Structures are given as C-alpha cells and as structure tokens.
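Report on the structure
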Amino acid sequence: LKNMSAPAPKASEPQPHPPKEQLPDISYCITSPPPWPEAILLGFQHYLVMLGTTVLIPSALVPQMGGRNEEKAKLIQTILFVAGINTLLQTVFGTRLPAIIGASYTFVPVTISIMLSGRFNDVADPVDVRSFTLRFTRIIRATQGALIVASTLQIILGFSGLWRNVVRFLSPLSAAPLVGLVGFGLYELGFPGVAKCIEIGLPGLIILILISHYTPHVMKGGKHVFARYAVIFTVAIVWLYAFFLTIGGAYNGDKTDTQRSCRTDRAGLIGAAPWIRVPWPFQWGTPLFDAGESFAMMMASFVALVESTGAFIAVSRYASATMPPPSVISRGVGWQGVAILISGLFGTGIGSSVSVENAGLIALTKVGSRRVVQISAGFMIFFSILGKLFGAVFASIPAPIVAALFCLFFAYVGAGGLSLLQYCNLNSFRTLFILGFSIFLGLSIPQYFNEHTAIKGYGPVHTGARWFNDMVNVPFSSKAFVGGCVAYFLDTTLHKNDGSIRKDRGKHWWDRFWTFKGDPRTEEFYALPFNLHKYFPPA
C-alpha cells in the first residue's frame, strides 16, 4: 500500500496538545519563593521526606557492621548534617535547582562489599561488645577512604567540563528512558516496603492519595492547603494510628521483623541519640585506603552521576524551569563530587546523590522554589545537632509509611521522564525502537543481576577480586544506568541520511538551551552569584 500523507486537520477536529518547555500550573517556580510561613512549613515537609532514606539505609547497614543503636543514631545525625551542607552548596553554587543531595542507595552494594571483605572479621569477639564497635568503626573508616578517592571522578568530570560534552548529545528521546527509570526503577522500594506492615502502609498510601488528589476537589476553599501539605497530614495521621496500635499491644507476640516494621518504638534512636552533638570530619578516625575498594566505589560514583543527571532534568521539569544547559549539569556534577568528598570526610558510610523522592515531592506540591529547599537544608542541620529532642522522634516513623510516600513520589519522577516524549515523533519506528528497547533492557538486565544476587548471594560476575565484581555488578544492577546508556548509545549512533531524524529525536526543542546565552530564561534560573557561572565550568 502506498503511504499517503494525511490531509490537514480541520478546525473542528481534535488538535494535539502543544509541547511545553516549562510545565504549567506550577504555584511557585525556582525564583518565586512562597511567603515565609508557608516556605518554612514546606521546607519541613521536604525534611520529613528525605528523612526516610536517611534512616532506612543506616538502620539496615549498622547492625551488620557491628554497630549498636548509639552508632546508628550518630551515623544518621552525620548523614543529616552532611546532607544539609551539600544541599546548600548545590542550590547556591551547583545547578541552583531545588534538588536535595542526600544518601544514595547506589553506593549501598559497595559498602556491603567492604563490610563483607573479611579483613575486619578478626576484630569481632562474640563475648566482648566493644570489639563489635571497633569493627563498625574500622568499616566506616574504610568507606571513608573509598569515598574520598571516588569523589575525584565527579569533581574532575564536572568542573573540567568533560561531562558537559557528554550531555550535549542528549536528546529528549534518550533522556526519557533515563529520567523515567530514575523514578520507575525504584519500584522495589515502593509497595514491597508497604507490604512489610500492610495494616499501616496501605492506609498510609490511601490517605496520601485521598488528601492530595481527592480532598482538594471536595473542599474548594482550602484545596492548596491539602495538596501542598498532604505529606505532613498523612504522616501525622498514620503515625498516630501506628502509635496507638503499638501501645495497645497489637504486635506484642509478633515476629521480630514485624515488630521492627510496624511499631513506633523499635527504631532504638530516641534513647540512643545524644541531646546535642555536632558531627565533625574524621570523627571515626583516620580513613583507611584500599585500591580495589576505591575503584569499586568510583564505579558506584559514576552510576550515581548518570542517575543524578536524569534527576536534575526531572527537578528542572517539575520546578517549571527550562532544560538545564550542559554546562549547568556539569557544574552540578562537580559539586556532587564535592558532596561525596564531604561524605567521606565526615564518615557517612554512604555516598551522596540527588534525592529522587524529594523531586517527586516538588511535583506533588507544585512548589519548586529554591528557598524552600534551602530552608529544608537548615532543618537537616538543626535536627542533626539536636538529635534526641527532634531528629530521633521523627526517625521513629515506621518504614511502611515512608514506602507509601515513595509509591507516589517515584511515580511522579518516572512520569516526568515520559513527559519528555512530547518533543519526539512517536510515529517514527526509529523512535519506538530506541524507546522500547532501552526501557525493556533497563528493566530486564538489572532484574537478572538482582535475582542472581538474591538467590546465590553474589552477582553474575564472581571472581576472586571482589572489587572487580563490584565494578561490573553495580552498574548493571541500576535500571536507570542501563536504560539510559542504551538509549544514549542508540540515539547518537543510529542515524540516517534523512534530515528529519533530528526532529524525531526532539533535539530541535532543546537547541536554544544548549548555550548559556541561548535563552534569557536560562540566566534567570541558573546564573551563579557574582557571575561565577563563567568559571564553573566555562559556559
């Protein structure tokens, strides 16, 4: 059959939705802060959301390292303190996007690998409790050395402008799988976490949806209040519900895992946290350096770099900003490398990257103000110092409540990636192949690596060199990394002589943002104070 072009649509026929460079219906964008009382409350809400990951990671790792509740509380305080500093640096000198820089799950496999390396087993004495604390301290010092070395990768790639040259080849077509899988790829942290205590997690998820999306349509007068502060309402209601179940003895005879997931008094942080404590560099001692562990952590740093590139794009989308120029993303990567360096100096045990859940919170509240996130960073620093009074109390929120929040936030970020397809030609077989193939492999390959690890206890690459195993297993276990790299490679190499390919990729929509002076909005959103953007890296 001959391929006939369709006739021009008539005025009465449905018209397609026009592409939007900036997301409409945003209440406050980067440069338009809300009133101070509202900004403070929204900043506190961002703090509550990032607290979930901050507590979950140390709660899983510290007992395996040999640490007690005291060490867990100190590590959580350190991660909070460092996250506050790194978020301020990123919002002032980095991309200037309202992006929170917090603890990253990407670094967890390498930290576990260091913990299981065997060179710390001679420290532990089953009888002497102090030996376990010594083992914890030595493992943390080993992660410090690895993080300090690994930070140089992002610092060099970011501040030298090398990453800028990589981002220049990015198009909406290759960015859509990357950003989409940054959100959708974290599905394992969603409903599986809710199901660990279904009587708490599922009501939390239902209440969150009701308050944020249904209540505003019923109560016309205060619709902005419910939509913007849905997290605070949900956490307060479900925490009280879980608290009454706890004091009522609902879980007294249950298994340990059930009690740990459902009860509000099983975190062990309120009694263990000191009243006032200021984290300081090298608080655990002198870092321990190992070449193999440093290389493995450097690969995790590279994976976090790719994932954060997608997260930066998602944040810019939901903050109603234009696409960040490659020089701005490269600048943000450089400061993220500084964030990993600070994490290593203070001894967080884990690296830093863009918080995906907080990017989803921006979408929920429709508030992308930079000031709100900076206020949130102030809460992180403040609560990390006054641990027992505030931080430990909020850390007693059961994990299924946090997982319920993740279900919505990660979905928003994934949908932000799909929204980039509005610039692409979805009637092109080239577009459909790249899109479908990259997303499928981005889900399928990590699924194989993760299943292999769960069943056999080690990844598909299993040699005598643990550091080499991590350098292969870690990147192929990241859905965003695999899907983004496949889409990027296919989109930049699969060309035809037809000049319409550029439009099919949606590249022409981003052309004006590829130079700092290409669009006046770019300088409004991303310019540094005192014109420093001319040097970090040269625009």
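On a predicted model such as this, the values are computed, not experimentally measured, just so you know. (Residues numbered from 1 in each chain as written. Predicted model: local features only at pLDDT ≥ 70, side-chain atom pairs only at ≥ 80, totals over all residues. Heavy atoms only, no water.)

Attention now goes to the packing of aromatic side chains. Summed over all chains, the structure comprises 25 aromatic pairs. With 5.8 Å between their ring centres and 45° between their planes, Phe81 and Phe346 make a pair best called tilted. Remark: Phe346 occurs in helix H13 (residues 326-346) and Phe81 occurs in helix H2 (residues 69-92); sequence separation between them is 265 residues. Phe81 gets classed as buried once you look at its relative accessible area, which sits at 11%. Ring-pair connections join several aromatic residues into one group, and the members of that group are Phe44, Tyr47, Phe379, Phe382 and Phe383. (Phe/Tyr/Trp six-rings, centres within 6.5 Å; stacked < 30°, edge-to-face > 60°. Helix = DSSP H or I, 4+ residues; strand = E, 2+ residues; numbered from the N terminus. Buried < 20%, exposed > 50% of the residue type's maximum accessible area, 1.4 Å probe, protein only.)

With 15 residues, helix H20 (residues 479-493) extends 21 Å between its outermost C-alpha atoms, agreeing within 8% with the 21 Å of an ideal straight helix rising 1.5 Å per residue. Here the buried face of H20 lies against helix H6 (172-184), helix H12 (291-318), helix H18 (429-456), helix H19 (466-476) and helix H21 (501-505). A side-chain oxygen of the first residue of H20 lies 3.2 Å from the backbone nitrogen of Phe481; this N-cap is Ser478. (Expected span 1.5 Å × (residues − 1). Contact = heavy atoms within 4.5 Å. Polar contact = N/O pair within 3.5 Å; in protein donor to acceptor, adjacent residues only side chain to side chain.)

All chains considered together, the criterion is met by twelve salt bridges. Here Asp519 makes a salt bridge to Arg512, at a shortest N to O gap of 3.9 Å. Looking at Asp519, the relative accessible area reads 6%, which means it is buried. Taken together, the shared-partner salt bridges connect Glu21, Arg512, Asp519 and Arg521 into one network. (Salt bridge = Lys/Arg side-chain N within 4 Å of Asp/Glu carboxyl O.)

Once that is clear, we can look at the state of the cysteines. Note: disulfide means a covalent bond formed between the sulfur atoms of two cysteine side chains. Tallied over the full model, the rule gives one disulfide. The disulfide bridge from Cys197 ends at Cys262, spanning 2.0 Å between sulfur atoms. Residues Cys197 and Cys262 are joined through a disulfide that is right-handed, its torsion about the S-S bond being 125°. Of the two residues, Cys197 sits in the loop between helix H7 (191-194) and helix H8 (198-218) while Cys262 sits in helix H11 (residues 256-262), which places them 65 residues apart along the sequence. Grouping residues by exposure puts Cys197 and Cys262 together as buried. We note that Cys407 lacks a disulfide partner, and the nearest cysteine sulfur, in Cys197, lies 14 Å from it. Classification of Cys407 as partly exposed rests on a relative accessible area of 24%. (Disulfide = S-S within 2.5 Å.)

Quick look at the side chain of His452 now. Take His452: it is sitting in helix H18. With residues near it in sequence (within four places) discarded, His452 still touches Gly457, Tyr458, Gly459 and Pro460.

The pLDDT averaged across the protein works out to 90; a share of 91% of its residues lies at or above 70. Confidence, read as mean pLDDT per element, is least for helix H16 (residues 387-394) in the protein (65) and greatest for H6 (98). (pLDDT = per-residue confidence, 0-100.)

Along the chain, Val367 turns up in the loop between helix H14 (356-365) and helix H15 (370-385). With a relative accessible area of 3%, Val367 lands in the buried category. Spatially, the C-alpha atoms of Val367 and Ala60 are 32 Å apart, while their sequence positions differ by 307 residues. Setting aside chain neighbours within four positions, we find Val367 in contact with Tyr28, Pro34, Leu42, Arg228, Ile362 and Val372.

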